[in-house]
Amino acid sequence: MLDREVAIRYARALFDSASGRDYLSAADEQLAVLQTVFEGDRSLINYLAAPQIGDDKKEALIRKVFSKDFARGILEFILLVARKRRVEHLPFMIEEFRDLVADERGIVKAKITTAHRLSEQQREALVSKLQSKLGKTVEFSEKLDSSVVGGVRVRLKDDVIDGTVENELRKL
């Protein structure tokens, strides 16, 4: 099974569970914190994924780290992922879960790539256009990439809107 398929399957199960038990917002907030931790330091993931570490030690660590500040459903989810030896997929599961929550709330996440920082007016115009096209609220992150000669590239999950000069020249 592909990494993404694994992440989607687990994220969907957690989403359905959290929705059914009315802790979707709490789960999203807690997993946002966890996502930030994993982005900064993968040592916990590496430890929990290590085959030479016994399952009992992994479970004890998970309970110690997560039982105080995380909802029981999130704790049980992390324990399940560890028992199934899917910990290396946990950051992707969290990302997929947060995308499902955003979609439920009518929000789409966009990654905007340009060569130079957009002005506030350009940013507002781009977001407004995307919102009217998609019919959803757009939350975005910006990335500067010197390889982009001009124009803008927008990534929406699996879709890319490529308005870069390079892409336009390639079309010729």
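Residues numbered from 1 in each chain as written. Predicted model: local features only at pLDDT ≥ 70, side-chain atom pairs only at ≥ 80, totals over all residues. Heavy atoms only, no water.

K.L.:
Which residues make up the packing of aromatic side chains, and what values do they have?
P.N.:
The full count for this structure, using the stated rule, is three aromatic pairs. Residues Y10 and F77 carry aromatic rings whose centres are separated by 6.4 Å and whose planes lie at 70 degrees to one another, so their mutual orientation is edge-to-face. With Y10 in helix 1 (residues 3–20) and F77 in helix 5 (residues 72–83), this pair connects stretches of sequence that are 67 residues apart. Each member of the pair, Y10 as well as F77, is classed as buried. Consider the rings of F15 and F97, whose centres lie 6.3 Å apart with planes at 65 degrees: the pair is edge-to-face. Of this pair, F15 sits in helix 1 while F97 sits in helix 6 (residues 90–104); the two residues are 82 residues apart in sequence, bridging distant segments of the chain. (Phe/Tyr/Trp six-rings, centres within 6.5 Å; stacked < 30°, edge-to-face > 60°. Helix = DSSP H or I, 4+ residues; strand = E, 2+ residues; numbered from the N terminus. Buried < 20%, exposed > 50% of the residue type's maximum accessible area, 1.4 Å probe, protein only.)

K.L.:
Let's hear about the sheet that holds strand 3 (residues 151–156): which residues, and what values?
P.N.:
To summarise the sheet geometry, strands pair through backbone hydrogen bonds and adopt either a parallel or an antiparallel arrangement. Overall, mixed pairing links the four strands, which are arranged 2-1-3-4 in an open sheet. Every other strand in the sheet has two partners, leaving strand 2 (137–144) and strand 4 (159–164) as the edge strands with one partner each. Between one strand axis and the next, the sheet turns through 20 degrees on average, direction left out of account. When strand 1 (residues 107–114) meets strand 2, the two strands line up parallel, connected through eight bridges. Following the sheet pairing, T114 is matched in strand 2 by L144. Along the sheet face, helix 7 (residues 120–134) touches strand 1, strand 2, strand 3 and strand 4 and points at about 135 degrees away from the line of strand 2. (Pairing = 2+ DSSP bridges. Axes fitted to C-alpha atoms, helices over the stretch in contact; angles between N-to-C directions. Contact = heavy atoms within 4.5 Å.)

K.L.:
Residue-level account of the packing of helix 4 (residues 55–66) against helix 5, with values.
P.N.:
The interhelical angle for the contact between helix 4 and helix 5, taken along N-to-C directions, is 160 degrees, at an axis separation of 10 Å. The angle between helix 4 and helix 5 falls in the class roughly antiparallel. Here helix 4 and helix 5 pass one another in a crossing that is right-handed. When helix 4 is examined against helix 5, the residues E59, I62, R63 and F66 are found in contact with a partner set consisting of L75, E76, I78, L79, A82 and R83. Each residue belonging to the contact of helix 4 with helix 5 can be placed in one class, and the counts come to six nonpolar, no polar and four charged. (Parallel < 35°, antiparallel > 145°, perpendicular 65-115°, else oblique. Left-handed = near helix turned anticlockwise from the far one by under 90°. Nonpolar A, V, L, I, M, F, W, Y, C, P; charged D, E, K, R; others polar.)

K.L.:
Residue-level account of the layout of surface pockets, with values.
P.N.:
Its boundaries defined by the atoms lining it, the largest pocket holds a volume of some 790 Å³. Around the largest pocket sit 29 residues that line it, and E95, D99, K109, K111 and K157 are the ones nearest its centre. Listing elements by their share of the lining of the largest pocket, those giving two or more residues are helix 1, helix 2 (24–40), helix 6, strand 1, strand 2 and strand 3. Looking at the lining of the largest pocket residue by residue, the classes come out as eleven nonpolar, two polar and 16 charged. (1 Å grid on protein atoms, 1.4 Å probe; cavity = no way out; pocket = protein on both sides within 12 Å on 5 of 7 lines; lining within 4 Å. Points joined across faces, edges and corners; volume = space filled by probe spheres on them.)

K.L.:
How would you summarise the environment of V6 if you had to cite specific residues and measurements?
P.N.:
Inspection of the secondary structure puts V6 in helix 1. Among the residues examined, V6 registers a relative accessible area of 1% and is labelled buried. Along the chain, V6 and E95 lie 89 residues apart, while their C-alpha atoms are 12 Å from each other.

K.L.:
Talk me through unusual backbone geometry; I want residue IDs and the actual numbers.
P.N.:
With glycine set apart, most residues show a phi of negative sign, and most peptide bonds adopt trans. With a phi angle near 60 degrees, D22 is a residue other than glycine that sits in the positive phi range. Assignment of secondary structure puts D22 in the loop between helix 1 and helix 2. Phi angles above zero are rare outside glycine, and R85 is one such case at about 55 degrees. Residue position: R85 is located in the loop between helix 5 and helix 6.

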